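Fold and contact review
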Amino acid sequence: MPNYSQLNPELLVSTVETLSARIGERFPQAGLHKVSRHLCAIAAESRQRVNETGRHSLWIRVLIGLLLVLLVAGVVVTVLAFKIQPEPASVTWLEFVQVMESGINDVIFIGAAIFFLASLENRMRRRRILKALHELRSVAHVIDMHQLTKDPQRAAGLLIATPSSPSHDLSPDQLIRYLDYCSEMLSMVGKLAALYLKRSDDAVVLSTVDEIEGLTTGLSRKIWQKLMIIHAQKPGH
């Protein structure tokens, strides 16, 4: 039965590939198409990375297991240290305190080592995820650069180009499709970022994903402002 409470990595990758194909069919020579192909590669890598981040580190788990065995062994040795006494009543208070102090120190030391290893696994997972999220954030800015010079007023012929003006050979209808594709790509970037929450509930990862989603939403808002201008300038509006 399909799970509608979580993003499906396979469907997400398929959606990005379909979007790239649509862009290539309309704008095969555009730089946006090359960016979409790069986004396809990132989507495929994200699918693999999400699966990898969900796995536990075997060597860390083995070390934690060994430390737990040492911890139990230390407690057993401490208890037996009293039982092997020929006359338990002859154990002085000072000897009792020394043995207990030694046992407690061992427990604290091994417990600290276990805590360090457990947190190390989380830090390693966080570092891998943040590296992937940084790449998605960079792609979002690249997409924004491709729509930055697309002026709806120039497309409608309302502005005269200057020598320093960027080239603009898109009709209003083509520009609408181009900006739509930019908005869809930004949405896919946000969804790929959210995909990592499937395997991590780390507060830093959650904050970074929220930041990327806020970034893509803000950039899409700028695009929709341009689309509203184009639609307002079309005949019949």
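Residues numbered from 1 in each chain as written. Predicted model: local features only at pLDDT ≥ 70, side-chain atom pairs only at ≥ 80, totals over all residues. Heavy atoms only, no water.

1. Points about the overall build of the protein chain
Here is the rule we go by: Note on conventions: DSSP H or I runs of at least 4 residues are helices, E runs of at least 2 residues are strands, and numbering of each starts at the N terminus. For each residue, the accessible area found with a 1.4 Å probe, counting protein chains only, is set against the maximum for its type, and the residue is called buried under 20%, exposed over 50%, and partly exposed in between. Surface accessibility in these figures is a Shrake-Rupley result with a 1.4 Å probe; residues are shielded only by whichever protein chains are displayed.
Tallying secondary structure elements over the protein chain gives 7 helices and 0 strands in all. Reading the protein chain from its N end, one meets helices and strands in the order α-α-α-α-α-α-α. Relative to its full complement of 237 residues, the protein chain shows a buried share of 35%. Accessible area for the protein chain stands at about 14500 Å²; split by element, carbon and sulfur atoms hold 62% of it.

2. A few points about the packing of helix H2 (residues 31-53) against helix H6 (residues 172-195)
We apply this condition: Between N-to-C directions, angles cover 0 to 180 degrees, with each direction set by a line fitted to C-alpha atoms, over the stretch in contact for helices. An angle below 35 degrees is treated as roughly parallel, one above 145 as roughly antiparallel, one from 65 to 115 as roughly perpendicular, and anything else as oblique. Crossing handedness follows the turn of the near helix against the far one: under a right angle anticlockwise gives a left-handed crossing, and clockwise gives a right-handed one. Contacts between residues were defined by any pair of non-hydrogen atoms, one from each residue, lying within 4.5 Å.
Put simply, H2 and H6 touch, their axes get as near as 11 Å, and they point 15 degrees apart. Classified by the angle their axes make, H2 and H6 are roughly parallel. The interaxial crossing formed by H2 with H6 has left-handed handedness. Residues Leu-32, Val-35, Ser-36, Leu-39, Ala-43, Ser-46 and Val-50 of H2 touch H6, and the partners they reach there are Tyr-178, Tyr-181, Cys-182, Met-185, Met-188, Val-189, Leu-192 and Leu-195.

3. Structural notes on the packing of aromatic side chains
Rules: Here a pair means two rings of Phe, Tyr or Trp (six-membered ring of Trp) with centres within 6.5 Å. Their orientation is stacked below 30 degrees between planes, edge-to-face above 60, and tilted elsewhere.
Scanning the model with the defined rule gives 2 aromatic pairs in all. With 5.4 Å between their ring centres and 80 degrees between their planes, Phe-27 and Tyr-178 make a pair best called edge-to-face. One end of the pair, Phe-27, is in the loop between helix H1 (9-26) and H2; the other, Tyr-178, is in helix H6, and 151 residues separate them in sequence. Phe-27 sits in the buried class, given a relative accessible area of 9%. For Tyr-178, a relative accessible area of 5% corresponds to the buried category. Between Phe-27 and Tyr-181, the aromatic rings sit 6.2 Å apart at their centres with planes inclined by 80 degrees, giving edge-to-face as the arrangement. Linking Phe-27 in the loop between H1 and H2 with Tyr-181 in helix H6, this pair joins segments that are 154 residues apart in sequence. With relative accessibility at 1%, the residue Tyr-181 sits in the buried group. Taken together, the ring pairs in this structure connect Phe-27, Tyr-178 and Tyr-181 into an aromatic cluster.

4. Concerning H2
Stated precisely, the cut-off is as follows: Given the number of residues in a helix, its expected span is that number minus one, multiplied by 1.5 Å.
With 23 residues, H2 should cover 33 Å at 1.5 Å per step; its first-to-last C-alpha distance of 32 Å lies within 8% of that length. For H2, every residue scored as buried is listed here: Leu-32, His-33, Val-35, Ser-36, Leu-39, Cys-40, Ile-42, Ala-43, Ser-46, Val-50 and Thr-53.

5. Concerning the nonpolar core
Using the following cut-off: Throughout this description, the term nonpolar core refers to a set of buried Ala, Val, Leu, Ile, Met, Phe, Trp, Tyr and Cys residues connected via side-chain atoms within 4.5 Å.
Among the nonpolar cores identified, the biggest contains 44 residues, and Leu-39, Leu-133, Leu-136, Ile-143, Met-185 and Val-189 are the most heavily contacted of them. Sequence-distant contacts of Leu-133, defined by excluding residues within four places in its chain, comprise Ala-193, Tyr-196, Val-205, Thr-208, Val-209 and Ile-212.

6. Thoughts on the confidence of the model for the protein chain
Put simply, the rule is: You can read pLDDT as the predictor saying how much it trusts each residue, on a scale of 0 to 100.
For the protein chain, mean pLDDT is 80; residues scoring 70 or higher make up 74% of the total. Within the protein chain, the lowest mean pLDDT, 66, falls on helix H5 (residues 152-155), and the highest, 94, falls on H1.

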